[in-house]
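Given next are the chains, with one letter for each unit.
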Amino acid sequence: MSNLTAWERMEVVHHKNRPTVNDYIPALFTRFMEFHGDRCFGDDAAIIGGIGLLSSTPVTVLAQVKGRNLEENKRSNFSMPHPEGYRKALRLAKQAEKFRRPIICLVDTPGAYCGIEAEKRGQGEAIARNLYEFMTIKTPIISIVLGEGGSGGALALAVCDELAMMENALYSAISPRGAASILWKDGSKEREACEILKITAEDLTNFGVCDKIIKEPEGGAHNAPEQAADSLYEYLTEAVGRLSSVDEKSLLERRYNKFRKIGMFTE
């Protein structure tokens, strides 16, 4: 799988049978209870939030929802959250902090919804608020990019102590089509943009953005969903146990330093 190009990985994560959070949550967590609403506007089906047990450890789960068919995608707005989704996530993250529950974020979105209604309800502020607040939440945060991690819509659930990516997942500041439209005024060049953006798990590990690559079954997670879930479970149980033993002050210092050191540049 390591020989696949970025575009080939894009095709893998867009496979119609690729596991989604609706598959992973029942496989990873027991006694999961979903919570709804941001206590401000309403509930957003693009983000699931709730509490479950990872082995015997209570955790808060925040997950972006992709559908397998048109009806499921319409319900979750094609995994493009509205501001109330991010506010719901922050509400539950604050609740997790209060009870010292580790937070697990499952990221899978092409980006936040950019429609007029979302802008009217403060989409930019909601994302920015999450970036600000998640940086100082006093409980371990683990984020995993399952498929697509697009722009600020993904980053709003990816300010964390440890970022992992599925082997074929992609994490980018902008979609390849969006980049092609800006760079060449031609969205049809998204394949070329995909290759030069450096958005694969290997690229981002080299840049210091990704901390762990979770191996997928041969051909992609859709070929053996149970095996993919087992790999996720093994990583999460180890990471939650390790990070839960870190004292509060050290946890926040490490998180701050993690983001301060990210990036490569020349002058």
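Residues numbered from 1 in each chain as written. Predicted model: local features only at pLDDT ≥ 70, side-chain atom pairs only at ≥ 80, totals over all residues. Heavy atoms only, no water.

*Asks:* Mind showing me how you'd approach the overall build of the protein here?
*Replies:* Of regular secondary structure, the protein possesses 12 helices and eight strands. The dimensions of the protein, computed from C-alpha atoms along their principal axes, are 50 × 45 × 40 Å. Taken across its 267 residues, the protein has 51% of its residues classed as buried. For the protein, the exposed area adds up to about 12800 Å²; of that, 53% sits on carbon and sulfur atoms. The averaged location of the 37 negative side-chain charges in the protein is 4 Å from the averaged location of its 34 positive side-chain charges. (Helix = DSSP H or I, 4+ residues; strand = E, 2+ residues; numbered from the N terminus. Buried < 20%, exposed > 50% of the residue type's maximum accessible area, 1.4 Å probe, protein only. Areas by Shrake-Rupley, 256 points an atom, 1.4 Å probe, with all protein chains shown as cover. Lys, Arg positive; Asp, Glu negative; His and termini not counted. Charge placed at Lys NZ, Arg CZ, Asp CG, Glu CD.)

*Asks:* What should I look at first to understand the side chain of S76 in this one?
*Replies:* Position of S76 relative to the elements: it lies in the loop between α3 (70-75) and α4 (83-98). Taking relative accessible area as the criterion, S76 reaches 2% and is therefore assigned buried. For S76, the residues in contact, after removing those within four places along its chain, are A45, A46, V65, K66 and G67. (Contact = heavy atoms within 4.5 Å.)

*Asks:* Explain the side chain of D38 to me, please; I cannot follow it from the model alone.
*Replies:* Residue placement: D38 occurs in the loop between β1 (30-35) and β2 (47-54). The buried charged residue D38 lacks any salt bridge partner; its closest oppositely charged side chain belongs to R87, at an N-O distance of 4.9 Å. Among the polar contacts listed, one links the side chain of D38 to the backbone nitrogen of F41, at a separation of 2.8 Å. Those residues in contact with D38, other than ones at most four positions away along the chain, are E84, R87, K88 and R91. (Salt bridge = Lys/Arg side-chain N within 4 Å of Asp/Glu carboxyl O. Polar contact = N/O pair within 3.5 Å; in protein donor to acceptor, adjacent residues only side chain to side chain.)

*Asks:* I'm lost on the layout of surface pockets in this one. Help?
*Replies:* With a probe scaled to a water molecule rolled over the atoms, the places where space remains empty come into view. When its volume is computed, the largest pocket comes out at roughly 460 Å³. Surrounding the largest pocket, 22 residues form its lining, L155, Y171, L204, V209 and I262 being those nearest its centre. Among the secondary structure elements, those contributing two or more residues to the lining of the largest pocket are α7 (151-155), β7 (170-172) and α12 (248-260). For the lining of the largest pocket, the leading source of residues is α7, giving three residues. Here the residues of the lining of the largest pocket sort into 16 nonpolar, four polar and two charged. (1 Å grid on protein atoms, 1.4 Å probe; cavity = no way out; pocket = protein on both sides within 12 Å on 5 of 7 lines; lining within 4 Å. Points joined across faces, edges and corners; volume = space filled by probe spheres on them. Nonpolar A, V, L, I, M, F, W, Y, C, P; charged D, E, K, R; others polar.)

*Asks:* What am I meant to see in α12 here?
*Replies:* It helps to recall that an α-helix has 3.6 residues per turn; residues three or four apart then point in one direction. For α12, with 13 residues, the first-to-last C-alpha span of 19 Å sits near the 18 Å given by 1.5 Å per residue. Of all the positions in α12, only L251, R255 and K258 are classed as buried. Take α12 and look down its axis: the buried residues cluster within an arc of 60°, on one side only. In α12, the exposed positions that point more than 90 degrees away from the buried face belong to K249 and R260. Each element contacted by the buried residues of α12 is listed here: α6 (123-134), β5 (141-150), β6 (162-166) and α11 (225-244). A distance of 3.3 Å separates the backbone nitrogen of K249 from a side-chain oxygen at the start of α12, and that oxygen is part of D247. (Expected span 1.5 Å × (residues − 1). Arc of directions from axis to C-beta.)

*Asks:* Sorry, what's going on with the nonpolar core here?
*Replies:* Side chains of nonpolar character tend, in soluble globular proteins, to be buried together. Y24, F29, L106, F134, I144, Y171 and L236 are the most contacted members of the largest nonpolar core, which totals 60 residues. Excluding residues that lie within four positions of it along the chain, Y24 makes contacts with P19, L146, M166, A221, A228, A229 and L232. (Core = buried A, V, L, I, M, F, W, Y, C linked by side-chain atoms within 4.5 Å.)

*Asks:* Would you take a moment to explain the pattern of salt bridges for this structure?
*Replies:* Opposite charge on two side chains lets them pair, provided their charged atoms get close. Within this structure, the stated rule accounts for 18 salt bridges. Across the pair E71 and K74 runs a salt bridge, and its minimum N-O distance is 3.8 Å. One end of the pair is E71 and the other is K74, both in helix α3 and three residues apart, which spans about a single turn. Owing to a relative accessible area of 46%, E71 belongs among the partly exposed residues under this scheme. In this structure, the salt-bridge partner of E84 is R121, at a minimum N-O distance of 2.9 Å. Of this pair, E84 sits in helix α4 while R121 sits in the loop between α5 (116-120) and α6, and the two are 37 residues apart along the sequence.

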